[in-house]
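Examining the three-dimensional arrangement
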Amino acid sequence: MIQDLLLLLALAVPAAAAPDLSADALLRDHLWREVRAAEPSRRPKVGLVLSAGSLRGVAHVGVIKVLENAGFPVDLVAGTSMGAVIGSLYAGGLPLKRIWQIASATRVTSGNDLSGRSLISLLFFDKLLSSENTGKLIDQELGSKRFDQTKKPFACVAMDVYTGESIIFRDGDLAPAVRASMNLPGIFQPLEYRHRYLVDGGVVDYIPIDAARLLGAEWTLASVTEADYTVARPKSVLDALEQVIDIRGAYLSREQRANADFLIEPPVGDIGMLDAKRATEAMEKGVVSASKRLQAAEESLILASIPRLAGAWAGPEAAR
Amino acid sequence: MKRASLCALTLLLAAGPARAWRLWGEPSDRKIRPVQELSDARKPAEVLAALTPQFMQTLRGTDLRQAYVLMGDNLTILRRPDQALSTYQLGVSLFPKNVDLLTRQAGLLHDAGLNEQAKPLFLKALQFEPQHFGAHKALAEIEMSLGFPDRAAEHYEIALEVLEKRADVWRDYAEVLLSLGDSKTALLAIERALALEPSSKDLLVLKAFILRVAGDHAGAVNCLDLALAQGAGAGARRAKALWLLEAGRREDAASEAEKVLAEAPGDAAALWVLARGHLAAGRPGKAVEALTLAAGSAKRDSFSLRAATALRAKARELQELRLR
């Protein structure tokens, strides 16, 4: 009897309170409406930046889901490595539901020809693998799009392995550029494209804020899926390579994150570079993390927009 | 024939849901019944005194399961949630398929804000009792708090099959739908809530928010008026002032803002409305004054303070332009 009463009591507690009518909440809600309704010229151009991070990077899908649901304006997208794959699909106009499906079905072999046999040839015959499937995926989902055909402007980053330069792609065919951006060094053959030998951009530009700025971003929201390399204990050649790339990525991102206007960092640091079984978990962590930070992101963009919005609010009288 | 019926009944009982015993009344065994009666008589201290370790050791099966439920429930009544949680945990480790213990442990974790830990327990309870409305309602709240309004809506839909007379659940469901951008269904849900509690000012305020999202600005303001008539406080009037400003009715907005300020002097949102009116009328100096007042009265690091400071800087620029 009493347990039923208790259950009823617990259920009787209102979970979601009535709308928050505090000055802060109402002013935020009012201004967010103004920002969303404003012409693009009346607010900063928003760039979504998706970091490298191999399979951890599928957490970006969760972040994008939250931003989309909230109607967060995204004017352009830049990505590196897995960030380039997710970013290109999103900027290319693929429905988020489909991107979620693709990411959920991610296997270690999704973007490459990684298999037991190919690993043996990698280790014993020094024969690097091909990342051809990444390009195929992009072409298959987006229909051989070029950069100038995406719904939102998009850029991605790769590295020229001969010169060490960071190469920002923002024109030409989408698929080879995204493939180059996701071309893990030491495992995949460098991709020869536009007279360069390209490998994963995460080696030089982990959080491609510069690429977003090049596209015209004035306010950047970066989704960062950095590894927590302190938890890993490498036991194989691949593990050791992953560890070195993660450490390098952490150093790079430490400097780059300061350049972002807003950061969302899904806690996926413990997910391994090729840990495909945890793809859905990574995406869900992206959702949870972005949901927690959404209000702060809105506030940040509102505050950045006020000086421009104020021009419209003031009317012609004020400037006289 | 008799034997066959008996076998069928035994099979039915064995295959039934975890709480099938409830169909036949309270726990069958005599040992736990006196403790159960103490609990029903709301004597939590006596229940705990009765459930000694020695007594617990003599219990088996349903009795033991019920003993953990009683101990946890009464510890909760005595506001000892940590001990209640460990009791339920122990109970769940012994009876991992018991829905009562699973939902209680999950409920305590949920109340403590540990939603990520509570969620798998509620999901496990649903494996054994798929239509458990309490678990669905709690999961709806959890999914919403974690950022999955689509999943929350699905759970509310199941919970509302049983809780259809609960205005607060309809309201929560409406909020979830609103966050999904489905203002049409949200409106239907809030109407169901209002049918149950027609004079609730909170429900009227939420309806106003839904109407605003649906694009019915005038309807939203009218709904706020209804809420104000039901005794909604300065918050509803503050919303009205801002929404009138959105509609371009600056004078009406300023008049509402003055009423808010009469109730809550220094209110940052109301001062913002006044400042916007001054800016639009070409009085940046007055806007700076209002925003300075807003910044001075807002809490440190609050959004209102930062917004007022940002607009004040721009208003100052405009003021200097005018003075040149």
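Residue numbers restart at each chain and count upward from 1, following the sequence in its written direction. Here the convention is simple: chains get letters from A, ligands get numbers from 1, in the order in which they are written. At least 70 in pLDDT is required for a residue's local features to be given in this predicted model, at least 80 for side-chain atom pairs to be given and counted, and no such filter applies to totals for whole chains, interfaces and linings, which use all residues.

**Some points on the overall build of chain A**
Numbering goes from the N terminus for both helices and strands, where a helix is a DSSP run of H or I of at least four residues and a strand is a run of E of at least two. For chain A, the count of helices and strands is eleven helices and eight strands. With C-beta atoms placed from the backbone, a residue is buried if 20 or more other C-beta atoms are within 10 Å of its own, exposed if 12 or fewer are, and partly exposed between those counts. Per-residue burial over chain A gives 48% buried out of 320 residues. We call two residues in contact when their backbone-placed C-beta atoms lie within 7 Å. Taking the contacts inside chain A whose residues are at least 6 apart along the sequence as the reference set, 78% of them involve residues at least 24 apart.

**Topic: the overall build of chain B**
Check the secondary structure of chain B and you find 19 helices and zero strands. As defined in this context, the radius of gyration uses C-alpha atoms, and a globule is described by 2.2 Å times the residue total to the power 0.38. For 324 residues, the compact-globule estimate of 2.2 N^0.38 gives 20 Å, and chain B exceeds it by more than 25% at 28 Å. Seen through its principal axes, chain B has C-alpha atoms that stretch 100 × 40 × 30 Å. Nonlocal contacts in chain B, meaning residues at least 24 apart in sequence, comprise 43% of its contacts between residues at least 6 apart.

**Quick notes on the nonpolar core**
The biggest cluster of nonpolar side chains holds 185 residues, and the ones touching the most others in it are Val49(A), Val58(A), Ala174(B), Leu224(B), Val273(B) and Leu291(B). Considering each element in turn, this core owes the most residues, 13 residues, to helix α11 (residues 279-319) of chain A. Start and end positions for the domains come from either an automated domain assignment or a database one. When residues of this core are assigned to domains, at least three fall in each of domain 1 (1-163) and domain 2 (253-324) of chain B. Note on terminology: a nonpolar core is a set of buried residues of type Ala, Val, Leu, Ile, Met, Phe, Trp, Tyr or Cys, with members joined through C-beta atoms within 7 Å.

**Here's the deal with unusual backbone geometry**
Glycine aside, negative phi is the norm for most residues, and most peptide bonds take the trans geometry. One non-glycine residue, Ser54(A), lies in positive phi territory at about 50 degrees. Residue classification places Ser54(A) among the buried positions, given that 25 C-beta atoms sit within 10 Å.

**Section: the packing of helix α16 (residues 250-263) of chain B against helix α17 (residues 268-280) of chain B**
All names here are of chain B. At their nearest, the axes of α16 and α17 sit 8 Å apart, and the two run at 145 degrees to each other. Crossing angle aside, the handedness with which α16 passes α17 is left-handed. Residues Arg-250, Ala-253, Ala-254, Ala-257, Val-260 and Leu-261 of α16 touch α17, and the partners they reach there are Ala-270, Val-273, Leu-274, Gly-277 and Ala-280. Amino acids are sorted into nonpolar (Ala, Val, Leu, Ile, Met, Phe, Trp, Tyr, Cys and Pro), charged (Asp, Glu, Lys and Arg) and polar (every other residue, Gly among them). Per-class residue counts for the contact of α16 with α17 are nine nonpolar, one polar and one charged. Helix axes use the C-alpha atoms of the stretch in contact, all axes being lines fitted to C-alpha atoms, and the angles between their N-to-C directions lie in the range 0 to 180 degrees. By the definition used in this description, the sense in which the near helix is turned from the far one sets the handedness, with an anticlockwise turn below a right angle giving left-handed and a clockwise turn giving right-handed.

**Looking at the interface of chain B and chain A**
When the parts come together, some accessible area is lost, and that loss is often what is quoted as the size of the interface. Listed per partner, the contact involves 49 residues of chain B and 39 residues of chain A. It is helix α19 (residues 303-323) of chain B that contributes the most residues to the side of chain B that touches chain A, ten residues altogether.

**Re the confidence of the model for chain B**
Residues and elements named next belong to chain B. pLDDT expresses how confident the predictor is about each individual residue, on a scale running from 0 to 100. In this model, chain B carries a mean pLDDT of 89, and residues with pLDDT of at least 70 account for 91%. Confidence, read as mean pLDDT per element, is least for helix α1 (residues 2-15) in chain B (43) and greatest for helix α12 (residues 183-196) (97). Contacts for the low-pLDDT stretch residues 6-27, under 50 throughout, to residues beyond four places or in other chains number 20 contacts. Both scores are available for the predicted complex, with the pTM at 0.85 and the ipTM at 0.82.

**Some thoughts on helix α5 (residues 61-77) of chain B**
Side chains that are three or four residues apart share a direction in an α-helix, a result of its 3.6 residues per turn. All names here are of chain B. A helix is expected to span 1.5 Å multiplied by its residue count minus one. Its 17 residues place the ends of α5 25 Å apart at the C-alpha level, agreeing with the 24 Å of an ideal helix rising 1.5 Å per residue. For α5, the tally of buried residues reaches 13 of 17 residues, placing the bulk of the element in the interior. In the segment just after α5, Arg-79 is the residue with positive phi, at about 60 degrees.

**A look at helix α4 (residues 82-91) of chain A**
Residues and elements named next belong to chain A. Burial of α4 is extensive: ten of the ten residues sit out of reach of the surface. Every buried residue of α4 is accounted for by Met-82, Gly-83, Ala-84, Val-85, Ile-86, Gly-87, Ser-88, Leu-89, Tyr-90 and Ala-91. Just downstream of α4 lies Gly-93, where phi reads positive at about 95 degrees.

**Description of the pairing of strand β2 (residues 76-80) of chain A**
Residue and element names in this part refer to chain A. Along β2, five of the five residues are buried, which leaves the element largely enclosed by surrounding structure. Here β2 shows two buried faces, one formed by Leu-76, Ala-78 and Thr-80 and the other by Val-77 and Gly-79. Here a strand pair is declared whenever DSSP counts at least two bridges between the two strands. Looking at chain direction, strand β1 (residues 46-50) and β2 are connected through four bridges and run parallel. Paired with Val-49 across the bridge in β2 is Ala-78.

**Some points on the pairing of strand β7 (residues 219-223) of chain A**
Residue and element names in this part refer to chain A. Here β7 lies mainly inside the structure; four of its five residues are buried. Here five bridges tie β1 to β7, and the two strands are oriented parallel to one another. Looking at β7, one finds that Leu-48 is bridged to Leu-221. Bridging between β7 and strand β8 (residues 262-264) involves three bridges; their strand directions are parallel. For Leu-221, the partnering residue across the bridge sits in β8 and is Phe-262. Between the parallel pair β7 and β8, the chain is carried across by helix α10 (residues 237-256), and the sense of this crossover is right-handed. Handedness of a crossover is defined as follows: orient the strands so they point away from the viewer, and if the path from the first strand over the helix to the second runs clockwise, the crossover is right-handed.

**A closer look at the environment of Gln105(B)**
Residue and element names in this part refer to chain B. Relative to the assigned elements, Gln-105 resides in helix α7 (residues 99-111). We classify Gln-105 as buried; it has 27 C-beta atoms within 10 Å. A C-alpha to C-alpha distance of 23 Å links Gln-105 and Asp-172, two positions 67 residues apart in sequence. Setting aside its immediate chain neighbours within four residues, Gln-105 contacts Leu-85, Tyr-88, Gln-89, Val-92 and Leu-121.

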